[in-house]
Amino acid sequence: MSNKAIAILFLIVAFVGFMDATYLAASHFRGIPPPCLLTDGCDTVTSSAYSKIIGIPVPMLGIIYYLGMLVLGLGYIDKNRFNVAKAIPWATAIGLVASIWFVYVQAVILDAFCTYCLLSAGTSTILFLLGIQIFIKEKVTPLLPNT
Amino acid sequence: MPKNIWGIGLAVILVGAIGAMWFAGRDNALPSTDPNDVKNDVSFEITTDDHVKGLPTAKVTLVEFADFQCPACQAYHPLLNEVFAQYPNDLRIVYRHFPLKTIHTTAVAAARASEAANLQGKFWEMHAKLFENQTAWAGKLTNSFFEKYAEELGLDVLKFKADLDSDLVKDKVENSYKDAVALGLSGTPTFYLNGKKIVNPRSVAEFTTLINTELGIPNVE
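Residues numbered from 1 in each chain as written. Chains lettered and ligands numbered in written order. Predicted model: local features only at pLDDT ≥ 70, side-chain atom pairs only at ≥ 80, totals over all residues. Heavy atoms only, no water.

### Description of the state of the cysteines
And step 1. Under the counting rule described, the total for this entry stands at 2 disulfides over all chains.
And step 2. The disulfide partner of C114 of chain A is C117 of chain A, and the S-S distance across this bridge is 2.1 Å. The chirality of the disulfide connecting C114 of chain A with C117 of chain A is right-handed, given an S-S dihedral of about 80°. C117 of chain A shares its class with C114 of chain A; the two are buried.
And step 3. Disulfide partner of C70 of chain B: C73 of chain B, at an S-S distance of 2.4 Å. Here the S-S torsion is close to 95°, and the disulfide linking C70 of chain B with C73 of chain B is therefore right-handed. Comparing C70 of chain B with C73 of chain B shows no difference in burial state: the two are buried. (Disulfide = S-S within 2.5 Å. Buried < 20%, exposed > 50% of the residue type's maximum accessible area, 1.4 Å probe, protein only.)

Below, the structure written as structure tokens:
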């Protein structure tokens, strides 16, 4: 896969994550739990004590995170502006760690899963894997030769 | 690469955000609060699965849909005890779960605790404990309070803990919740007197007036 293809895939996945987080945040502020697909306990998860971090609803943090990823992705496509390729793996690692924590909370502590939260864990993991790809590719064949 | 990649990106993000919010705003969720959808006349089937206080031969049945974490339900707890004391033969009270999960984080857990106690024959004892100590356990994400109450009630705590997590108990609470949603209920407590939904009485006297009417006893002004 070319660098550009990876970058575009990165943007698409980040966009899916962003839509997912926005949907969850909108549901949160409307006070209506999202309907569950395939899993059981969306309302349990989204109304649990773990759905907020220092008072900030987790979906809001998700929105900020995915927006950041979109900016990084765009920055990468845009001639690797500010050399973002180096920052991408580290930034996506934050999402990966957060996802591992939230999957743990759902599986072990709450014993309830929310479809949209699992989707977000999936997109975060893919972003991390793509981030590693970008990092490696940049070392071997940079999108633009360093000037 | 187009120069306006940032412009395009921003536009797509904006459209995506609006789309996701629209999607969340569709009327796809629980409970309908349209008063026209609320069922006001229901013939309840009281089964052995129900929590019933009073005699099966009682002429008046009060079905209560309540949430152990709801402060209003707690306020009704002593009131209902007082009302029941006045009609030991003619009134039976049926308690059904309607835990308002979205606003009360531990309402479901409390309802499960009452069901687990029920499996050891102490539903009403746990029911009283939960209401009387509501401020202690409400919102605390631990079962330790419930386990303490179980111990105080002389229950087999190990069995109680296992039952809390059992599908039997979980399903019972969930089914009751779904029934309440299907009735179009949106708040707790909600009372049905002989199958008719009533406006929540604000005092013992208001309850007795309604019950007397059902019993055909003239109310003294």
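### Notes on the pattern of salt bridges
Residue and element names in this part refer to chain B.
And step 1. Applying the stated criterion across every chain yields a total of 9 salt bridges over all chains.
And step 2. Across the pair K129 and E152 runs a salt bridge, and its minimum N-O distance is 2.6 Å. In this pair, K129 is assigned in helix α4 (residues 123-132) and E152 in helix α6 (residues 144-152), connecting sequence segments 23 residues apart.
And step 3. Residue E152 is classed as partly exposed on the basis of its relative accessible area of 47%.
And step 4. Note that K170 is salt-bridged to D165, the shortest N-O span being 3.9 Å.
And step 5. For K170, a relative accessible area of 16% puts it in the buried group. (Salt bridge = Lys/Arg side-chain N within 4 Å of Asp/Glu carboxyl O. Helix = DSSP H or I, 4+ residues; strand = E, 2+ residues; numbered from the N terminus.)

### Remarks on the interface of chain B and chain A
And step 1. Contact residues are listed per partner, giving 22 residues for chain B and 26 residues for chain A.
And step 2. The junction of chain B with chain A conceals about 2,100 Å² of combined surface from both sides, 77% of it contributed by carbon and sulfur atoms.
And step 3. Taken together, the links from chain B to chain A amount to 0 salt bridges.
And step 4. Where chain B meets chain A, there are 1 residue pair in polar contact (both at pLDDT 80 or more).
And step 5. Grouping the amino acids of the side of chain B that touches chain A by side-chain chemistry returns 13 nonpolar, 6 polar and 3 charged. (Contact = heavy atoms within 4.5 Å. Buried area = accessible area lost by both parts, 1.4 Å probe. Polar contact = N/O pair within 3.5 Å; in protein donor to acceptor, adjacent residues only side chain to side chain. Nonpolar A, V, L, I, M, F, W, Y, C, P; charged D, E, K, R; others polar.)

### A look at the nonpolar core
And step 1. Grouped together as the largest cluster of nonpolar side chains are 28 residues, with contacts concentrated most on F10, F18, M69, Y76, I88, L127 and I134 of chain A.
And step 2. Only α1 (3-30), α3 (58-77), α4 (87-110) and α5 (115-140) of chain A together with α1 (5-25) of chain B provide two or more residues apiece to this core.
And step 3. The contacts of F18 of chain A, once residues within four sequence positions are left out, are I63, Y66, L67 and L70 of chain A together with I13 and A17 of chain B.
And step 4. Judged by nonpolar contacts, the second largest core, of 24 residues, contains F123, F131, Y149 and A150 of chain B. (Core = buried A, V, L, I, M, F, W, Y, C linked by side-chain atoms within 4.5 Å.)

### What to know about a nonpolar patch on the surface
All names here are of chain A.
And step 1. On the surface, M1, I8, L9, I12, V16 and L119 cluster together to form a nonpolar patch covering roughly 530 Å² of accessible area.
And step 2. The leading source of residues in the nonpolar patch is α1, at 4 residues.
And step 3. Checked against the element boundaries, M1 lands in the segment before α1.
And step 4. With a relative accessible area of 62%, M1 lands in the exposed category. (Patch = residues over 30% accessible without salt bridge, like charges linked within 9 Å, V, L, I, M, F, W, Y side chains within 5 Å. Areas by Shrake-Rupley, 256 points an atom, 1.4 Å probe, with all protein chains shown as cover.)

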